[in-house]
Amino acid sequence: MKRIGTFLLALMLALAVPAPCFAAVDEKTVEAPSAVLVSADTGAVLFEKNAHDRRSPASVTKLMTMLLVAEALDTGKIKLTDTVTGSANAASKGGSQIWLEVGEQMTVEELLKAVVIASANDACTALAEFVAGSDGAFVQCMNARAKELGLQDTHFENCTGLDDTAKNHFSSAYDLAVIAREVLRHNWITKYTTVWLDSLRDGKTELNNTNKLVNTYDGITGLKTGTTEKAGFCLCATARRDGMQLIAVVLGAKTSEQRFSTATALLDSGFADYRLVTLSADPKITQVTVKNGVQKILNPAVPAKQQLLCAKGSGDPTYEYKLKRTVDAPVRKNTRVGTVKVKLDGKTVAELPVYAGVNIDKTAFWSVFVRFLRTF
């Protein structure tokens, strides 16, 4: 399934329309050494500034922790109601925390809320140990997942982002956007990432979201902040408007205000300048003849629900079909039989492969003979 997911990711990236930087933001006005704006729907990079520079990501690291926990939940490996017992290792973590005690028990859901909302390092470590058996084993899973996603500028030493002693813990704005896009595939995660205030221990421990855009930005869906002396002020902000979702990652800002204002400017520009279009190519208007097949006509099909990011003000997509007139049986399902060119304002912006939607076997000799006799 992960290979299929990687293939689909590559396909969606192939459909991304290259876009110029927005007029509202450029490398000089972005108040951070590294930033990127990405379409969560198509994977298109809409703006970048040193997006592949390797930097300390601070607690934005927890995006990968969130992803692995979400995947464990969705596969049934763990449940939200499972009980987790705090270890000495988890309780010893500094920085943001919920003051987890050794032997204290909490549910997976309670710890997940503490991670997503309050960026609690002790809760994060407890979840990592519960999912993988140990903190170290979980970090191995993080790096393995990064490799599966094709990330070239990411390596983790811990699940929290604490970098006081870390020597080889880094990521990039682009890689973090890719991880965030995977996190957002688990739609239920926004139930937690959009919470402003919550509590644990029957109200005794308050959780206040570290992402202030949750309380101020229209359409915000999350996702994660991070701050250390080494990393500076970091943020991955995601938002959805009019059916389109964007991801803005800002790394190394000098102040907290700068990371939020920069992410806001990036998101605003994306929503102002782009729209998401669902492609409706239908090659069934052109039939393909099958030679010597038990079925003589093949109705080809394109992958469903393809989406294209278009500049606002552009026309609607048009389609140019190029399909084979005939194919020889046998025909296997998913055999490529042609291409659909997608054009925008007269320019080709994407090419969709067209496949056989069914298996068509070759006609056996005896059936041809029987048909001949019947005709005679």
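Residues numbered from 1 in each chain as written. Predicted model: local features only at pLDDT ≥ 70, side-chain atom pairs only at ≥ 80, totals over all residues. Heavy atoms only, no water.

## What about the packing of helix α2 (residues 62–74) against helix α4 (residues 108–118)?
For any two helices packed against each other, the geometry is given by the interaxial angle and the distance between the axes.
Argument step 1. Packing of α2 against α4 brings their axes to within 11 Å, and their N-to-C directions diverge by 155 degrees. As far as their axial angle goes, α4 and α2 are roughly antiparallel. Of the two possible hands of crossing, α2 and α4 adopt the one that is left-handed. Every residue of α4 that contacts α2 at Lys62, Met66, Val69 and Leu73 is listed here: Val108, Leu112, Val115 and Val116. (Axes fitted to C-alpha atoms, helices over the stretch in contact; angles between N-to-C directions. Helix = DSSP H or I, 4+ residues; strand = E, 2+ residues; numbered from the N terminus. Parallel < 35°, antiparallel > 145°, perpendicular 65-115°, else oblique. Left-handed = near helix turned anticlockwise from the far one by under 90°. Contact = heavy atoms within 4.5 Å.)

## Observations regarding the side chain of Thr339
Argument step 1. Along the chain, Thr339 turns up in strand β16 (residues 336–344).
Argument step 2. For Thr339, a relative accessible area of 17% puts it in the buried group.
Argument step 3. Side-chain polar atoms of Thr339 contact the side chain of Arg336, separated by 3.0 Å.
Argument step 4. Residue contacts for Thr339: discarding those within four places in its chain leaves Glu320, Tyr321, Lys322, Leu323, Glu351, Leu352 and Val354. (Buried < 20%, exposed > 50% of the residue type's maximum accessible area, 1.4 Å probe, protein only. Polar contact = N/O pair within 3.5 Å; in protein donor to acceptor, adjacent residues only side chain to side chain.)

## Regarding the nonpolar core
As a rule of thumb, nonpolar side chains are buried together in soluble globular proteins.
Argument step 1. Counting residues in hydrophobic clusters, the biggest one holds 63 residues, and the most contacted among them are Leu63, Ile98, Ile179 and Val249.
Argument step 2. The set of elements that each furnish at least two residues to this core consists of β1 (34–39), α2, α4, α5 (121–132), α6 (135–148), α7 (173–184), β8 (232–241) and β9 (244–253).
Argument step 3. Not counting residues within four places of it along the chain, the set of residues in contact with Ile98 comprises Met106, Leu111, Ala114, Ala120, Asp122, Ala123, Leu200, Arg201, Thr205 and Leu207.
Argument step 4. Within the second largest apolar cluster, 26 residues are counted, among which are Tyr217, Leu246, Ala253 and Leu267. (Core = buried A, V, L, I, M, F, W, Y, C linked by side-chain atoms within 4.5 Å.)

## Some remarks on the pattern of salt bridges
Proximity of charged atoms lets side chains of opposite charge pair with each other.
Argument step 1. Taken as a whole and judged by the stated rule, the model has 15 salt bridges.
Argument step 2. Residue Asp198 pairs with Lys113 through a salt bridge whose shortest N-O separation is 3.4 Å. Placement of Asp198 in strand β5 (residues 197–200) and of Lys113 in helix α4 is noted, with a sequence separation of 85 residues between them.
Argument step 3. Accessibility expressed as a relative area gives 24% for Asp198, which makes it partly exposed.
Argument step 4. The shortest N-O distance in the salt bridge between Arg185 and Glu182 comes to 3.0 Å.
Argument step 5. Arg185 gets classed as partly exposed once you look at its relative accessible area, which sits at 44%.
Argument step 6. Salt bridges here are not isolated pairs; linked through shared partners, they connect Glu71, Arg145, Glu148, Glu182 and Arg185. (Salt bridge = Lys/Arg side-chain N within 4 Å of Asp/Glu carboxyl O.)

## Comments concerning the pairing of strand β2 (residues 45–49)
Argument step 1. Across 4 bridges, the pairing between β1 and β2 is antiparallel. Across the sheet, residue Ala35 finds its bridge partner in β2, namely Lys49. (Pairing = 2+ DSSP bridges.)

## Quick notes on the sheet that holds strand β12 (residues 297–298)
Argument step 1. The 3 strands lie next to each other as β12-β11-β15, forming an open sheet whose pairing is mixed. At either margin of the open sheet sits one strand with a lone partner, and together these are β12 and β15 (326–328).

## Side note on unusual backbone geometry
Argument step 1. With omega at 5 degrees, the peptide bond leading from Ala329 into Pro330 counts as cis.
Argument step 2. By the secondary structure assignment, Pro330 is in the loop between β15 and β16.
Argument step 3. Positive phi is not limited to glycine here, since Ala58 has a value of about 50 degrees.
Argument step 4. Residue position: Ala58 is located in the loop between β2 and α2.
Argument step 5. You will see that Ser119, though not glycine, has its phi angle at about 60 degrees, which is positive.

## Overview of the sheet that holds β9
Argument step 1. Strand order in this open sheet of 5 strands is β2-β1-β9-β8-β7, and the pairing throughout is antiparallel. Both outer strands of the open sheet, β2 and β7 (220–228), are each paired with one neighbouring strand and no more. Strand-to-strand twist across the sheet, computed as the mean angle between neighbouring axes with direction ignored, equals 5 degrees.
Argument step 2. Here 8 bridges tie β7 to β8, and the two strands are oriented antiparallel to one another. Within β8, the residue paired with Leu223 across the bridge is Ala237.
Argument step 3. The strands touched by α7 are β1, β2, β7, β8 and β9; relative to β9, the strand with the most contacts, the crossing angle is about 140 degrees.

## Describing the environment of Ala72
Argument step 1. Among the secondary structure elements, Ala72 is positioned in helix α2.
Argument step 2. For Ala72 and Val131, which are 59 residues apart along the polypeptide, the C-alpha to C-alpha distance reads 7.3 Å.
Argument step 3. With sequence-adjacent residues up to four places away left out, Ala72 is seen in contact with Lys77, Ile78 and Val131.

## Some details on α7
Argument step 1. In this model, α7 (12 residues) spans 16 Å end to end at C-alpha, consistent with the 16 Å of a helix rising 1.5 Å per residue.
Argument step 2. Across the 12 residues of α7, 11 count as buried, placing the element largely inside the fold.
Argument step 3. Burial in α7 covers these residues: Ala173, Asp175, Leu176, Ala177, Val178, Ile179, Ala180, Arg181, Glu182, Val183 and Leu184. (Expected span 1.5 Å × (residues − 1).)

## Focus: the packing of α4 against α5
Argument step 1. Running from N to C, α4 and α5 cross one another at 135 degrees; their axes reach a closest spacing of 8 Å. Comparing their axes, α5 and α4 come out oblique. In the packing of α4 onto α5, the handedness of the crossing is left-handed. Contacts from Val108, Leu111, Leu112, Ala114 and Val115 in α4 reach Ala123, Cys124, Ala126, Leu127 and Phe130 in α5.
Argument step 2. Residues of the contact of α4 with α5, tallied by class, amount to 10 nonpolar, no polar and no charged. (Nonpolar A, V, L, I, M, F, W, Y, C, P; charged D, E, K, R; others polar.)

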